[in-house]
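# Results of the structural survey
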Amino acid sequence: ETVIDTLVFDFGGVLVDLQPEVSLRRFRELGVQDIDEMLNPYRQLGVFHDLEMGLVGREEFVARLNEHAGTNLTDEEINEAIMLFLKGVPQYKSDYLEQLRKKYKIYILSNTNPYIMAYAHSPHFLPATGRTLSDYVDKIYASCDMHTMKPDRAIYEQMIADSGMVPERTLFIDDSTANLEAAAAFGLQTLLAVNGTDWRPALAARLQHD
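Structure report, in brief. (Residues numbered from 1 in each chain as written. Predicted model: local features only at pLDDT ≥ 70, side-chain atom pairs only at ≥ 80, totals over all residues. Heavy atoms only, no water.)

## A closer look at the overall build of the protein chain
Each helix and strand counted, the protein chain has eleven helices and seven strands in total. Expressed along its principal axes, the backbone C-alpha trace of the protein chain runs to roughly 55 × 35 × 25 Å. Every one of the 210 residues in the protein chain was classed for burial, and the buried ones make up 51%. Accessible surface, the protein chain: about 9500 Å² in total, of which carbon and sulfur atoms supply 51%. The positive charge centre, built from 19 side chains, and the negative charge centre, built from 32, are 6 Å apart in the protein chain. (Helix = DSSP H or I, 4+ residues; strand = E, 2+ residues; numbered from the N terminus. Buried < 20%, exposed > 50% of the residue type's maximum accessible area, 1.4 Å probe, protein only. Areas by Shrake-Rupley, 256 points an atom, 1.4 Å probe, with all protein chains shown as cover. Lys, Arg positive; Asp, Glu negative; His and termini not counted. Charge placed at Lys NZ, Arg CZ, Asp CG, Glu CD.)

Structural data, given as structure tokens:
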């Protein structure tokens with residue numbers, strides 16, 4: 001059996017527990033009525049899609065969302081509503097990452113936007129320690145920086161080429177079957193993690209053969 005030396009984690013739904021209904025409710029309160037169609041845990045549509053693809057920055061996103069919804073929201077209000085999507089990082093997950101990093105190269109591959117990345121790079125990410133996501137991983141591959149999204153082929157190609165990872169020795173952990181299937185097409189090993197669950201036992205079982 002091939003020895004795994006690299007782990008790639010999805011961010012939302014794997015490292016961070018998601019609570020989309022709280023964010024959607026807040027956006028509806030703010031007047032964005034069709035938010036359920038645009039903001040989806042796996043694949044965004046409309047201006048949210050363009051934000052995650054890095055086609056628009058925050059300023060243009062605010063203008064386009066207001067134009068679309070007939071609202072007059074500020075960047076702060078939108079930031080607050082987007083952040084409600086995330087329930088936060090359970091302490092045990094950051095501790096586990098720290099342990100894993102002693103033995104494995106660790107990367108993040110995420111369909112995400114500049115609001116969530118700003119949070120991940122801030123001391124608010126893990127208030128107890130004041131550490132950021134970058135402190136726990138070798139590199140973060142974010143759709144908004146790469147201008148491509150899972151499960152599109154290009155995002156996997158870019159990550160593999162940039163990191164130098166060997167796909168056969170890499171395990172990709174994600175909460176979307178479509179994203180895992182796309183990774184498997186490149187030869188990556190895969191593990192499905194369900195949002196809100198403790199996936200450590202399943203991951204440990206996959207790694208104990210090493």
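The discussion continues.
## A word on the sheet that holds strand β7 (residues 189–192)
Spatially, β5-β4-β1-β6-β7 is the arrangement adopted by the five strands of the open sheet, whose pairing is parallel. Every other strand in the sheet has two partners, leaving β5 (139–142) and β7 as the edge strands with one partner each. Between one strand axis and the next, the sheet turns by 20 degrees as a mean value, whatever way the strands run. Sheet topology note: the strand β1 (residues 6–9)/strand β6 (residues 170–174) ladder contains four bridges and is parallel. (Pairing = 2+ DSSP bridges. Axes fitted to C-alpha atoms, helices over the stretch in contact; angles between N-to-C directions.)

## Considerations on the nonpolar core
Membership of the largest hydrophobic core comes to 56 residues, with the highest contact counts inside it found for L7, F9, F27, F48, F61 and L203. For this core, the leading source of residues is helix α7 (residues 114–120), giving five residues. In contact with F61, other than residues within four places in its own chain, are V47, F48, L51, V56, I78, I82 and Y115. If you look at the next biggest cluster of nonpolar residues, it comprises 16 residues, including L109, M165, F172 and A183. (Core = buried A, V, L, I, M, F, W, Y, C linked by side-chain atoms within 4.5 Å. Contact = heavy atoms within 4.5 Å.)

## Thoughts on the packing of helix α1 (residues 20–29) against helix α5 (residues 75–83)
Across the interface, α1 lies against α5 with an axial gap of 7 Å and an inter-helix angle of 150 degrees. The orientation of α1 with respect to α5, classified from their angle, is roughly antiparallel. Contact residues: S23, R26 and F27 in α1; I78, E80, A81 and I82 in α5. Looking at the contact of α1 with α5, its residues break down into four nonpolar, one polar and two charged. (Parallel < 35°, antiparallel > 145°, perpendicular 65-115°, else oblique. Nonpolar A, V, L, I, M, F, W, Y, C, P; charged D, E, K, R; others polar.)

## Regarding the packing of aromatic side chains
Applying the stated criterion across every chain, the model contains ten aromatic pairs. For the ring pair Y96 and W199, a centre distance of 6.1 Å and an interplane angle of 50 degrees mean the geometry is tilted. Of this pair, Y96 sits in helix α6 (residues 91–101) while W199 sits in the loop between β7 and α11 (200–207), and the two are 103 residues apart along the sequence. Taking the relative accessible area as the measure of exposure, Y96 reaches 16% and is therefore buried. By relative accessible area, which is 3% here, W199 ends up buried. Centroid distance Y156 to F186: 5.9 Å. Interplanar angle 25 degrees. Geometry classified as stacked. Remark: F186 occurs in the loop between α10 (177–184) and β7 and Y156 occurs in helix α9 (residues 153–163); sequence separation between them is 30 residues. (Phe/Tyr/Trp six-rings, centres within 6.5 Å; stacked < 30°, edge-to-face > 60°.)

## So, empty space enclosed by the protein
For the structure on display, the rule yields two cavities of 30 Å³ or more. Approximately 50 Å³ is the volume attributed to the second largest cavity. Residue lining of the second largest cavity: L15, V89, K93, S94, L97, F125, L126, L133 and Y136, and that is the complete set. A breakdown of the residues in the lining of the second largest cavity according to their chemical character gives seven nonpolar, one polar and one charged. (1 Å grid on protein atoms, 1.4 Å probe; cavity = no way out; pocket = protein on both sides within 12 Å on 5 of 7 lines; lining within 4 Å. Points joined across faces, edges and corners; volume = space filled by probe spheres on them.)

## Section: the pairing of β7
Note that β6 and β7 share four bridges and pair parallel. Within the sheet, the bridge partner assigned to F172 lies in β7 and is T190. Regarding topology, α10 serves as the crossover connection from β6 to the parallel β7, and that connection is right-handed. (Right-handed = clockwise from strand over helix to strand, strands pointing away.)

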